[in-house]
Amino acid sequence: MATVKSDGRPFATRISGPIITAKGMSAAQMYEVVQVGSLGLVGEVVRVIGDLATIQVYEDTTMLKPGAHVECTGAPLSVSLGPGLLGNIYDGIQRPLPGIEAKSGAWIRRGEKVDALDSEKKWTFEPLVNAGDDVAGGQIIGQVAETPLVMHRIMVPPDISGTIRSIAAKGEYSLAEPVAVVETGSGPQDIMMMQRWPVRVPRPIRERLRIAEPLITGQRIIDTFFPIGKGGAAAIPGGFGTGKTITQHQLAKWSDAQIIVFIGCGERGNEMTEVLREFPELEDPRSGRPLMERTILIANTSNMPVAAREVSIYTGITLAEYYRDMGLSVAVFADSTSRWAEALRELAARLEEMPAEEGFPASLPTRLAQFYERGGAVTTLAGDRGSVSIVGAVSPPGGDFSEPVTQHTRRFIRCFWALDTGLANARHYPSIHWLQSYSEYSEDVKNWWETAACDWEDLRTEALTLLQREERLQQIVKLVGPDVLPDSQKLILFIAEVIKDGFLAQSAFDTNDAYCSPEKQVALLRIMLGLYHRGRDLIQDGVPLGMVRGMECVSDILRAKSALSNKELDRLADIDRRLNEEADRIAQQYVKGTSCYG
Amino acid sequence: MDNLFTGIEDRGLEYVGASRIEGPLVVVENVRDVGFDEVVEIRDPAGNTRLGRVLDVSGTHTVVQVLEGTTGLATKFLRTRFLGESFRLPVSRRMLGRVFDGLGRPADGGPPPLSADRRDVNGMPINPFARRYPREFIQTGLSAIDGMNALVRGQKLPVFSGNGLPHDRVSAQIIRQARLLDEQVEFSIVFAAMGIKHDVAEFFIRNFRESGALARAVMIFSLADAPSVERLLTPRVALTLAEHLAFDCGQHVLILLTDMTNYCESLREVGTARGEIPGRKGYPGYLYSDLASLYERAGRIEGSPGSITQMAILTMPADDISHPVPDLTGYITEGQIVLDRDLFQRGIYPPIAGLPSLSRLMKDGVGKGFTREDHPILASQLFACYAYVKRVRGLADVIGEEELSPLDKQYLKFGEAFEMEFLNQGEYENRSIETTLELGWDALSVLPQEELHRVSDELLKKHYRMKRDTGEAACAV
């Protein structure tokens, strides 16, 4: 028989990859964190039957044996929240990767324990309340300049309320020192700058708000055609090689959220390295500060333990909620939710659960809903407006959108950016397909846009209609060739090309083009539609299409996106003026009948 | 690690008999003090030993996966010994130039390598924070790769192929010609063969010998007639050695894994034998994680001069790129080189498909300061124009070439020039990156200048072949 433990402590009875069974666990709670074996491998209780508990272990279980001791910690998996999160990179269970490197070198050894936040470091705390004030959970009592970009508010933990008995004066404190004492109903309570929160529980809010403001991403096809609101949820599905990651990186770089949480969930190690290398060098287009000062990275790459991948997404969203509670707008990018769903599938299979579609557990839609519903625009407990926007990449096998993860994700998001292999093959990036994508937020954010550009709605509707008509015309062209079409329809094909090349395609690596301001977006689209209107009128007057195509300003329009910076809107106006002059000239020639092309 | 062995005194115990033998699995009962993933020595009735490892362990049952096949094993006479550690490989620089079997044992008649350094073949994940982003351009001498899908040092770039396509010749050529632009560093080669035929292995050995690479190559063979389960360890053995050579000895390692489809089939075989719930096409649900645990063992590490560049060859069953093996591989690797049957049948070598091929790390390894300023734009414009060629060809199939517009006809000519002059080259032709880029501009110059939307005026002025009669075919360079 296996080694029998007689000292009464819980011990492992079976080990199968990341799933172990332990005996003597009748007091264990669901989702309680346990430590297994002499290395103290971190795990979580996922099932309790009698005194047998099933534990999912976040680290490699090689050479773990039946009989290994299991230690209960009495608390669910929680993260540390406080100054020092920004600019850091964590693994799925919030161990800082730089700290792990300092301890164990380039390779991640198991059983490594490093604190998420540096408890020695001193932060300059500035009180915002006085002794004697009544405070409730979530209320702001002080602030710390965490980075030059972000003022970190110190909040009363959500479950504490009472009267401030004492509060620290402005000065340097570490995270372990109390900065305030609150007299609660059950006695005095120390408030530190750091608090803990279980990752699987959403942080409380006062109420949910309607989404009214767009998350400006600087990506034309997204902002203009398929906008996402601050507090909204979007999915980016696409087969491999369609540019999900680059699109996510672009959004993380240029979105006008105040905090970015980027979760690399089961993806490539080098991609996280790229973010780490690039973000500190890139400037926020609005503040001119390095982007890293507002970014938190969660990296659980594909070769790191699968159970930690499952939890990484909750770790990320909890950090996001914490910053939202300070009244900030936060954007969460999860790349990729399919890998997370696969982790669920793998763990469910090891737990011998009955599978539903394609082996995924039946709880997949519930779990997806729980994740996406943690986003939203809210009034925080402190009464401020904050938001968490979620953008999840989906990697459907074979690029087939009918698979369960994509299908279920569609139910819980309102913005769908479908990446298309054909476009990616032609190196048209971002390869978001304009006919398969949709956004339900365009109505919500219309007012915001129209305060700046009153024709925004008209422009995008007309451009989208043109692209739809082009698709239908292409069907005809495929059958009988373009020559049978009248010039008026060929013009649509031509304008659609102009919109695709000059507006929808956007280079992530071009200094002028990587971020396109809303003003420039509207101006560009307006010129292109201007070209269409003038061309349509000319063709009606009998001018051949060749002359419209051959107008000198056409190549300027096509190159304007990268030739002109966001500040050179006057030069765009210049192109617009030349377009009209040229069209007037052609029209005149035709009216007078003096055209040499006649 | 060692403090996990709570019952050292039990080591060396030999257990007799098993309760069940099924496929590659053996279930042994009432074994004491066995760890998950522990190595097992199994003695068959004839007295020969085979290696296995523990897949599942509970107080009563221990499931052992036999790596060298279960043929001839009998429940009654089976003897098992648990070795008290997970699978380890002695690693040493002196393994270069040698041949090993799929489990890392010498197969060339030589002695086992002497080394006190024994590494767990499962490796450990590289901390993403400790990685160095790969960006040194590797010139392979193949225009289709250098020009359009450039490889960089530390990248993992697989070759997606089909049965009968010349993936072996292409990869042998890459290994022969790969070099850095400014450094005279030779790559050390780790070659892991999984389930390939003897003559294919022979082909590679001959190639290494001819190019003088044999002395800096390690070959690890688990050929088609070796037990299939052994293949599950073969790439891990190879990668463990590669990691030692790269990160301990500071060498630049090029590792070739062929054929990954065979590896995945072995994984499916074991999964089925264990009664696991199958995922797509019967492959286990953890295929992605398992493949990632191999592919992610490539790259560079901050502070170490070495690197691992990985090329995995896989044959797509029925040329289907959405098959789980290529599909999941594409999600993990940094791009893919796809071979195309149509090009191959038209006699174009290397038949590297223009559009579905991709190198994700190219953007950071080419251009000003790496290759040449015009490189990224040229590649992007070639892709865009070639994509249009494909559309025009589709159209021409329906309405006939005669009915095409003059511009579309010109595109067809460009397509022809691109395939025949740019893609096509000799098996022993080693093109410099400059030659490749010039050939690219030659092909583009078949098109009128206005069609090259992605190229700036400045670059057009510098590289566009003005004087050429664009109406002529672009064969003469």
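Given the structure is predicted, the values throughout are model-derived calculations rather than measurements.

1. Notes on the nonpolar core
In this structure, V332 and M528 of chain A together with F191 of chain B are the most contacted members of the largest nonpolar core, which totals 319 residues. Among all residues touching F191 of chain B, those that are not within four sequence positions of it are F204, A217, V218, M219, I220 and L256 of chain B.

2. Comments concerning the domain arrangement of chain B
Residue and element names in this part refer to chain B. Entries for chain B in the domain assignment read domain 1 (2-85), domain 2 (90-365) and domain 3 (375-463). Using C-alpha coordinates to define each centre, domain 1 is positioned 31 Å away from domain 2. Between domain 1 and domain 2, the residue contacts involve eleven residues of the former and nine residues of the latter. For the side of domain 1 that touches domain 2, the secondary structure elements donating two or more residues are strand 5 (49-58) and strand 6 (61-66). A breakdown of the residues in the side of domain 1 that touches domain 2 according to their chemical character gives six nonpolar, three polar and two charged.

3. Focus on helix 11 (residues 456-480) of chain A
Two residues of an α-helix separated by three or four positions point the same way, owing to the 3.6 residues in each turn. Residues and elements named next belong to chain A. Along its 25 residues, helix 11 runs 36 Å from first to last C-alpha, staying within 8% of the 36 Å computed at 1.5 Å per residue. Residues of helix 11 that are buried include every one of W456, R460, A463, L466, E470 and V477, and no others. Taken together, the buried residues of helix 11 touch helix 2 (220-225), helix 10 (442-452), helix 12 (487-504) and helix 13 (518-540). One or two positions beyond helix 11, positive phi appears at G481, with a value near 85 degrees.

4. Some thoughts on unusual backbone geometry
Trans is the common state for peptide bonds, and a negative phi is the common state for residues other than glycine. All names here are of chain B. Of the consecutive residues T258 and D259, the connecting peptide bond is found in the cis state with omega at 5 degrees. If you trace the backbone, D259 turns up in the loop between strand 18 (252-258) and helix 5 (260-273). For the bond from Y349 to P350, the omega torsion is -10 degrees, close enough to zero to count as cis. Structurally, the position occupied by P350 is in the loop between helix 8 (341-345) and strand 22 (358-359).

5. Regarding the domain arrangement of chain A
For chain A, the assigned domains read domain 1 (11-75), domain 2 (118-193), domain 3 (207-442) and domain 4 (456-592). The C-alpha centroid of domain 4 of chain A is placed 57 Å from the C-alpha centroid of domain 2 of chain A.

6. With respect to the sheet that holds strand 14 (residues 171-174) of chain A
All names here are of chain A. Read from one edge of the open sheet, four strands run 12-11-9-14, paired in antiparallel fashion. A strand with exactly one partner marks an edge of an open sheet, and here the two such strands are strand 12 (150-155) and strand 14. Taking each pair of neighbouring strands and ignoring which way they run, the sheet shows an average axis angle of 45 degrees. The pairing of strand 11 (residues 140-147) with strand 12 spans six bridges and is classified as antiparallel. By the bridge assignment, T147 is partnered in strand 12 with V150.

7. Digging into the interface of chain B and chain A
Facing 63 residues of chain B, the contacting portion of chain A comprises 64 residues. Breaking the side of chain B that touches chain A down by element, the ones donating at least two residues are strand 5, strand 7 (79-86), helix 6 (287-295), strand 19 (299-301), helix 7 (324-332) and helix 10 (375-399) of chain B. Considering every element that reaches the side of chain B that touches chain A, the biggest residue donor is helix 10 of chain B, with seven residues. Of the residues contributing to the side of chain B that touches chain A, the split by class is 29 nonpolar, 20 polar and 14 charged.

8. What to know about the packing of helix 7 (residues 364-372) of chain A against helix 8 (residues 404-412) of chain A
Each pair of packed helices can be summarised by the angle the axes make with each other and by the distance between the axes. Residues and elements named next belong to chain A. Here helix 7 crosses helix 8 at 45 degrees, and the two axes come no closer than 9 Å. One element, helix 7, and the other, helix 8, form an angle in the oblique class. Crossing of helix 7 against helix 8: the hand is right-handed. Residue-level contacts link L364, P365, L368, A369 and Y372 of helix 7 to P404, H408, T409, R411 and F412 of helix 8.

Cut-offs used in this document
Residues numbered from 1 in each chain as written. Chains lettered and ligands numbered in written order. Predicted model: local features only at pLDDT ≥ 70, side-chain atom pairs only at ≥ 80, totals over all residues. Core = buried A, V, L, I, M, F, W, Y, C linked by C-beta atoms within 7 Å. Buried ≥ 20, exposed ≤ 12 C-beta atoms within 10 Å, placed from the backbone. Contact = placed C-beta atoms within 7 Å. Domains from an automatic or database assignment. Helix = DSSP H or I, 4+ residues; strand = E, 2+ residues; numbered from the N terminus. Nonpolar A, V, L, I, M, F, W, Y, C, P; charged D, E, K, R; others polar. Expected span 1.5 Å × (residues − 1). Pairing = 2+ DSSP bridges. Axes fitted to C-alpha atoms, helices over the stretch in contact; angles between N-to-C directions. Parallel < 35°, antiparallel > 145°, perpendicular 65-115°, else oblique. Left-handed = near helix turned anticlockwise from the far one by under 90°.

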